2 protein chains.
Amino acid sequence: MSARTVVNLRNTEAPPRVVDISKLDFTNCPVRDLISQIGGKWSVLLLEALAQRPYRFGELRRMVPDISQRMLTQTLRDLQRDGYIDREVFPTKPPSVEYRMTDLGRSLYGPLAQLLNWAEANHDAVRAARVRFDQSQD
Amino acid sequence: MSARTVVNLRNTEAPPRVVDISKLDFTNCPVRDLISQIGGKWSVLLLEALAQRPYRFGELRRMVPDISQRMLTQTLRDLQRDGYIDREVFPTKPPSVEYRMTDLGRSLYGPLAQLLNWAEANHDAVRAARVRFDQSQD
DNA sequence: CGGAATCCCCAGAGATACTG
DNA sequence: CAGTATCTCTGGGGATTCCG
């Protein structure tokens, strides 16, 4: 994929210099790697929750009532795998599991939160653009 | 969906106050709305390209050789619909179509680029975390 | 040149039931 | 409580063909 292309394109000073575009490892593009993960349906939501404070499995489940048990487990495991959150098991009875954000996760949440703030601030503009577009298409 | 929950969760000062979580309009959550759009496979890539300068359809196609014609057309139309890019048709022969970023798109690209920079800067850390996780799971 | 229309496939996500 | 294990299904995305 266009890993190098992406890098070059973001360099706004230089002209676009497309390099070696066909031979690049698709799975190794950092941007695609990040977007495909947080692009999931629940990842950002859980990151927002855990950015505030640690939560237990059941707490997260109650906070996001329309997530299935399966997707909560899976999304948490994926976030843990990428190093954004930690998982700690307390051998109580019944057992309880707490999830908390790592330093890496917190450093991700900085720029991520900026983007989310943009989304909220400009949501009306986007919706208005959609209405205009749809009306112009008959 | 949890539109309000998201808002409250990002307010790091107050305790989590989950409000009216089941009755919210799923489609009206700004965060979900943005993430589901730019979470697409090609959106960010095209935004990066057009953040630099306007491009014609065929130019974009050559820059991203592994995108299908269909997905290029569709992704561009979606970005246009949300107001991030403009489309201008030049009635030459054969016709040519140019895409350029709008002011709204440029304002989005600010925080977005910060996130992408984070992705590149921390890609090694994420990959290392993955290796650790996979090895700890037998 | 820049699409639109059509067919097809599979990974992401939901529902349900069971377990340490 | 906090998960696994199956089964299922939708829709995002690819390949191909046709059009102004």
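Sequence positions are assigned chain by chain, starting from 1 and proceeding in written order. For naming, the first written chain is A and the first written ligand is 1, with later ones following in the order written. The predicted nature of this model means local features are confined to residues of pLDDT at least 70 and side-chain atom pairs, given and counted, to a pLDDT of 80 or more, with totals for whole chains, interfaces and linings taken over all residues. In computing side-chain properties, one takes all heavy atoms of the structure into account and sets aside hydrogens as well as water.

1. Comments concerning the protein's contact with DNA strand C
Working step 1: Residue proximity to a molecule or strand is established when one non-hydrogen atom of the residue lies within 4 Å of it. The environment of DNA strand C is made up of 21 residues, and the closest members are R70(A), M71(A), R56(B), R87(B) and Y99(B).
Working step 2: As used in this structure description, the phrase polar contact means that two N or O atoms lie within 3.5 Å; if the pair is within protein, one of them must be able to donate a hydrogen and the other to accept it, and residues adjacent in sequence are counted only when both atoms belong to side chains. Between DNA strand C and R56(B), the relevant distance is 2.7 Å, taken from a phosphate oxygen to a side-chain nitrogen or oxygen of the residue.
Working step 3: Within the side chain of Y99(B), one N or O atom sits 2.6 Å away from a phosphate oxygen of DNA strand C.
Working step 4: Every helix listed is a DSSP run of H or I at least four residues long, and every strand listed is a run of E at least two residues long, numbered separately from the N terminus. Breaking the surface near DNA strand C down by element, the ones donating at least two residues are α5 (69-81) of chain A together with α4 (57-63), α5 (69-81) and β3 (96-101) of chain B.
Working step 5: Broken down by element, the surface near DNA strand C gets its largest block of residues, four residues, from α5(B).
Working step 6: By residue class, the composition of the surface near DNA strand C is eight nonpolar, seven polar and six charged. Classification used: nonpolar for Ala, Val, Leu, Ile, Met, Phe, Trp, Tyr, Cys and Pro, charged for Asp, Glu, Lys and Arg, polar for all others including Gly.

2. Some details on the side chain of T75(A)
All names here are of chain A.
Working step 1: Mapped onto the fold, T75 is located in helix α5.
Working step 2: Relative accessibility decides the category of a residue: with a 1.4 Å probe and only protein chains considered, values under 20% of the type maximum give buried, values over 50% give exposed, and everything between is partly exposed. Its relative accessible area of 7% is what places T75 among the buried residues.
Working step 3: In what follows, a contact means two residues having at least one pair of non-hydrogen atoms within 4.5 Å. Beyond its immediate stretch of four places on either side in the chain, T75 contacts W42, S43 and L46.

3. Describing the sheet that holds β3(B)
All names here are of chain B.
Working step 1: Paired strands are those between which DSSP finds at least two bridges. Taking strand neighbours across the sheet as the criterion, the three strands line up as β1-β3-β2 in an open arrangement whose pairing is antiparallel. Looking at strand neighbours, the two that pair on one side only are β1 (55-56) and β2 (85-90), the edges of this open sheet.
Working step 2: The pairing of β2 with β3 spans six bridges and is antiparallel. Paired with I85 across the strands is M101, a residue of β3.

4. Let's talk about the layout of surface pockets
Working step 1: The pocket and cavity definitions rest on a 1 Å grid over protein atoms only: a 1.4 Å probe that fits but cannot leave marks a cavity, an open set with protein on both sides within 12 Å along at least five of seven lines marks a pocket, and residues lining either have an atom within 4 Å of a point. Grid points are joined across faces, edges and corners, and a volume is the space filled by probe spheres set on the points. Approximately 210 Å³ is the volume found for the largest pocket.
Working step 2: The class makeup of the residues in the lining of the largest pocket is six nonpolar, six polar and three charged.

5. A few points about the confidence of the model for chain A
Residues and elements named next belong to chain A.
Working step 1: What pLDDT reports is the predictor's confidence in each residue, on a scale of 0 through 100. For chain A, per-residue confidence averages 84 on the pLDDT scale, and 80% of positions sit at 70 or higher.
Working step 2: Low pLDDT, under 50, characterises residues 1-9; the predicted model gives this stretch 34 contacts beyond four residues in sequence or across chains.
Working step 3: Every residue in residues 11-24 scores below 50 in pLDDT, and together they form 24 contacts with partners more than four places removed in sequence or on other chains.

6. Considering the environment of V89(B)
All names here are of chain B.
Working step 1: Within the fold, V89 resides in strand β2.
Working step 2: A relative accessible area of 43% means that V89 is categorised as partly exposed.
Working step 3: Spatially, the C-alpha atom of V89 lies 9.7 Å from that of R56, the residues being 33 residues apart in sequence.
Working step 4: Not counting the four nearest positions on each side in its chain, V89 is found in contact with S96 and V97.

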